[in-house]
Protein chains: 4
Amino acid sequence: MLTPPPWHFSGEVIMVEYRVDPASAARFLPPGLTLGSDPGAAAAVFAEWQWCSASGEELAEPASNQFAEFLVLIGCEREGVPVARCPYAWVDQVVPLVRGWVQGMPKQFGVVHQSRATAVGRGGPRLAPGGRFHGSLSVNGRRAVEAAVTLDGRTEAKPFLHTVPLAHTLVFPDWASTGAGQPTLVASEVSDVEFSDIWKGEAELEFLDVLGDDFAELFPIATGDGYVFSYSETLRGGRIL
Amino acid sequence: MLTPPPWHFSGEVIMVEYRVDPASAARFLPPGLTLGSDPGAAAAVFAEWQWCSASGEELAEPASNQFAEFLVLIGCEREGVPVARCPYAWVDQVVPLVRGWVQGMPKQFGVVHQSRATAVGRGGPRLAPGGRFHGSLSVNGRRAVEAAVTLDGRTEAKPFLHTVPLAHTLVFPDWASTGAGQPTLVASEVSDVEFSDIWKGEAELEFLDVLGDDFAELFPIATGDGYVFSYSETLRGGRIL
Amino acid sequence: MLTPPPWHFSGEVIMVEYRVDPASAARFLPPGLTLGSDPGAAAAVFAEWQWCSASGEELAEPASNQFAEFLVLIGCEREGVPVARCPYAWVDQVVPLVRGWVQGMPKQFGVVHQSRATAVGRGGPRLAPGGRFHGSLSVNGRRAVEAAVTLDGRTEAKPFLHTVPLAHTLVFPDWASTGAGQPTLVASEVSDVEFSDIWKGEAELEFLDVLGDDFAELFPIATGDGYVFSYSETLRGGRIL
Amino acid sequence: MLTPPPWHFSGEVIMVEYRVDPASAARFLPPGLTLGSDPGAAAAVFAEWQWCSASGEELAEPASNQFAEFLVLIGCEREGVPVARCPYAWVDQVVPLVRGWVQGMPKQFGVVHQSRATAVGRGGPRLAPGGRFHGSLSVNGRRAVEAAVTLDGRTEAKPFLHTVPLAHTLVFPDWASTGAGQPTLVASEVSDVEFSDIWKGEAELEFLDVLGDDFAELFPIATGDGYVFSYSETLRGGRIL
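Structural notes, computed from the coordinates. Model, not experiment: these values are computed from the prediction.

What follows deals with the relation of the copies chain A and chain D. Superposition record for chain A on chain D: RMSD 0.0 Å, screw rotation 180°, translation along axis 0.0 Å. As the rotation angle and translation indicate, the two copies are arranged about a two-fold axis. The share of interface residues of chain A whose copies in chain D are also at the interface is 100%, consistent with both copies meeting through the same surface.

Residue and element names in this part refer to chain B. Helix α2 (residues 94–103) sits mainly inside the fold: eight of its 10 residues count as buried. Within the span of α2, buried status applies to Val-94, Pro-96, Leu-97, Val-98, Arg-99, Gly-100, Val-102 and Gln-103. Directly after α2, the chain includes Gly-104, whose backbone phi takes a positive value near 90°.

Here we come to empty space enclosed by the protein. If you walk through the whole model with that rule in mind, you get one cavity of 30 Å³ or more. The wall of the largest cavity is formed by Ser115(A), Gly123(A), Gly124(A), Pro125(A), Gln50(B), Leu59(B), Pro62(B) and Asn65(B). Within the lining of the largest cavity, the residues separate by chemical class into three nonpolar, five polar and no charged.

Moving on, we get to the pairing of strand β11 (residues 198–207) of chain C. Pairing of strand β8 (residues 142–155) of chain C with β11(C), which is carried by 10 bridges, proceeds in the antiparallel orientation. Looking at the pairing, Ala148(C) lines up with Glu204(C) of β11(C).

Let us look at the interface of chain A and chain D. Contacts between the two partners involve 34 residues from chain A, matched on the other side by 34 residues from chain D. For the pair chain A and chain D, the summed buried surface comes to about 2600 Å²; carbon and sulfur atoms form 75% of the total. When the shortest N-O distance is used, the salt bridge between Arg142(D) and Glu61(A) registers 2.8 Å. Counting the contacts that link chain A with chain D gives four residue pairs in polar contact (both at pLDDT 80 or more).

Below, the discussion takes up the packing of aromatic side chains. Centre-to-centre distance and the angle between the planes together describe a pair of aromatic rings. A full pass over the atoms with the stated rule returns 66 aromatic pairs over all chains. Ring centres 5.7 Å apart and planes at 5° place the aromatic pair Tyr88(C) and Trp90(C) in the stacked group. In textbook terms, an aromatic cluster arises when at least three aromatic residues are bridged by ring pairs, as seen for Tyr18(A), Phe28(A), Phe46(A), Phe70(A), Tyr88(A), Trp90(A), Phe207(A), Phe215(A) and Phe219(A). Above the plane of the ring of Trp7(D) lies Arg99(D), whose end atom (NZ or CZ) is 4.9 Å from the centre.

Running from amino to carboxyl end, helix α2 (residues 94–103) of chain A crosses helix α2 (residues 94–103) of chain D at an angle of 40°, the nearest separation of the two axes being 11 Å. In terms of axis orientation, α2(A) runs oblique to α2(D). Handedness of the α2(A)/α2(D) crossing: right-handed. Residues Val94(A), Leu97(A) and Val98(A) of α2(A) pack against Val94(D), Leu97(D) and Val98(D) of α2(D). Here the contact of α2(A) with α2(D) is composed, by residue class, of six nonpolar, no polar and no charged.

What counts, and where the lines are drawn
Residues numbered from 1 in each chain as written. Chains lettered and ligands numbered in written order. Predicted model: local features only at pLDDT ≥ 70, side-chain atom pairs only at ≥ 80, totals over all residues. Heavy atoms only, no water. Least-squares fit on C-alpha atoms with pLDDT ≥ 70 in both. Contact = heavy atoms within 4.5 Å. Buried < 20%, exposed > 50% of the residue type's maximum accessible area, 1.4 Å probe, protein only. Helix = DSSP H or I, 4+ residues; strand = E, 2+ residues; numbered from the N terminus. 1 Å grid on protein atoms, 1.4 Å probe; cavity = no way out; pocket = protein on both sides within 12 Å on 5 of 7 lines; lining within 4 Å. Points joined across faces, edges and corners; volume = space filled by probe spheres on them. Nonpolar A, V, L, I, M, F, W, Y, C, P; charged D, E, K, R; others polar. Pairing = 2+ DSSP bridges. Buried area = accessible area lost by both parts, 1.4 Å probe. Salt bridge = Lys/Arg side-chain N within 4 Å of Asp/Glu carboxyl O. Polar contact = N/O pair within 3.5 Å; in protein donor to acceptor, adjacent residues only side chain to side chain. Phe/Tyr/Trp six-rings, centres within 6.5 Å; stacked < 30°, edge-to-face > 60°. Lys NZ or Arg CZ within 6 Å of the ring centre and 35° of its normal. Axes fitted to C-alpha atoms, helices over the stretch in contact; angles between N-to-C directions. Parallel < 35°, antiparallel > 145°, perpendicular 65-115°, else oblique. Left-handed = near helix turned anticlockwise from the far one by under 90°.

These values are about where atoms sit, not about what they do.
Rendered as structure tokens:
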């Protein structure tokens, strides 16, 4: 079902920085991660991805090499080094979902939609001042997250939580009491990171109360800047943190 | 369910010109349309659309203002004027499907996917020489059409069948023998047409034999050029042809 | 896209009788229909259908001859004769949606799920006292309706609004100002109606406020009995009422 | 994402026994499993499931506690005891897919449809002589498997491969070279198995060549009997075989 890495990803991202209650954020950090110097930093990230393996053969099959994702990131530190923790992620395709679990990323299934930048006409937003981009997540037929970013202009400053490694926890569900491995803190080996021009603007972010109490702990207490950009990386494997 | 026109559309298009047997093409033309000066000209068109009504309110809801479409166009003439006839179209959302029937465009439900141009990374194709774009249509769980275009370079020449009016036939299914109107040849009132840069290249096109004998009459006997471009228009209403 | 009638339908139904504000109900009745002797009578109906045309060929393709539906019925009268009006219906397949419009039934697209009676095990409800059946409607990624029926026992009394004709309004969207027909009140010609044993019980019904003000007028002011049964009919055509 | 076992399942099954080339079958058996006394025995199984955890709370949410599955079983033996191996399975929901991997069952994503027994009307088949049930699998927009069973009558003999344990292989993808466990042969702990009446009849089974060479090794060389029945079980955990 899964090809071996490396996997090349190209994505269109709508990202909103926000603040979460630091005590709540801390409850989502496993041993070995601390809140660090900016407790309560968080981000909500929508992305539409295309991907392929080393051979590139998946590029011929757009019915299966595209997916949309929404995830929440919490800013934290690993031995003094800034990283991000992803407590929740939803994707709309199964291959990236399973690939997420292999990496220690707890992806669930959701329906994710986001505006696409357009070059002509009035049917979609432009990458230009005033361009307005929307994202939404629905889970199990219930709207869970809505966001919008209205562009002001380009920025040289990359959104911080999109620049740090993600610290995941590998889990080995021990179905048959085999004594398989303990949960292990890992990061992904990533190369070929590239950002397009980064557009920044005013953001709106709403989490609706349909996903239960745990997720509700991550609701925004304040909303920060929004960003729209293209991003690519190659995922090469994992390493123990 | 439907807002009134005007409707603004912005789309990303992958288009392949091809030749169909002229006698077959003629069987799809209603009275009042003739094959004209280029009998057998046809095109296969994939598009991912975003749309909104006059108010623009649909832009806030990317879960419902986006759809993908595949359609076949046959070159023909109406009283000596070049037009195109669309004997088959498939979309993956219901609102544009119903809106199609209101216009006289016989849209059916299908699953349409196509490559998206990317600015960074190796997960998708670039709008550049060598960029390779794929499209596919599946109907009822069966793959029906596959196409690919490998870009050579930009062209000033717009693909002809994307520049002429579509001649549809308004149909009034007379469920209760009310004596409602006869089939009527109509065209759409369109404004604000805009093309982005147009990329041209070598094309591949395959129709698979899963949709029955009528559709099989439109299989390619030769494949022409391929095009990748953005396109927008505003659809304002219909007029009797 | 559509085969000609007759169309044979077999369905599994979960139905909840409820009361709507009579003044609100009246606003959904076109000229020619009156509230009649039981103003405010309404029903919420979930159904999973299988269907075929006269040839029965669709039976070989369960990927396309099944659909789920949720609809609201308002009790009313036509010239003193009890009928029902369906102001809203949602289906999860396109063919029944278009077929609905041909009949004058304003079907929209929604995601409908309902419990299925099971004969063995604990994964689903039994057709027996205590059996609990659920239904839900989501529209555009938002949960709109939830219902449940807990069975008490069998009843000989058919739920009234499932026994009367539906009075639809044929509409001819006049895209090109052809002067096509006026809205016309019609009913469907139905034969071969059959009910299975009818199970009755206590019902719960919740409409969530996600579909706008018009639909909100039809929210329950009281919830009545619930029913679970199988139902079949053959739809043969329409007639002017 | 996953609740802990036990998980209660109730399903409607359409099953076709068939013969596969024994040498091909053998290539799908891991060390520890042998073809046994009936080499080449295989089955194609369609099922529509409803499920819940110990609390039963999932029963209130039919939008997520139902799924459809298609799987292939190969008859084999573990230390002289008959078991079955499932080299391929497809489901249309993510939770059972991930739960499958936790158990060592290699579930992929597919679109599965099957006829539902009906009690009234002509829209679906009856559980009666002459009743004809269809199943289909599509993967990635391509039709992969089609089957049909025409009922002759009830049988006391359960279809053999649905009565033996499934021997899965637990796999621990070692993303970060943690040295996690080796592939391990396991079976599931199952209780509360129940069959409804079992209907038997003539079967048709076609595998289409769209899933690659490995799957093609499992194409039928002969088709046996078909069965339609309801089945339930409770899945309680796994044990090393």
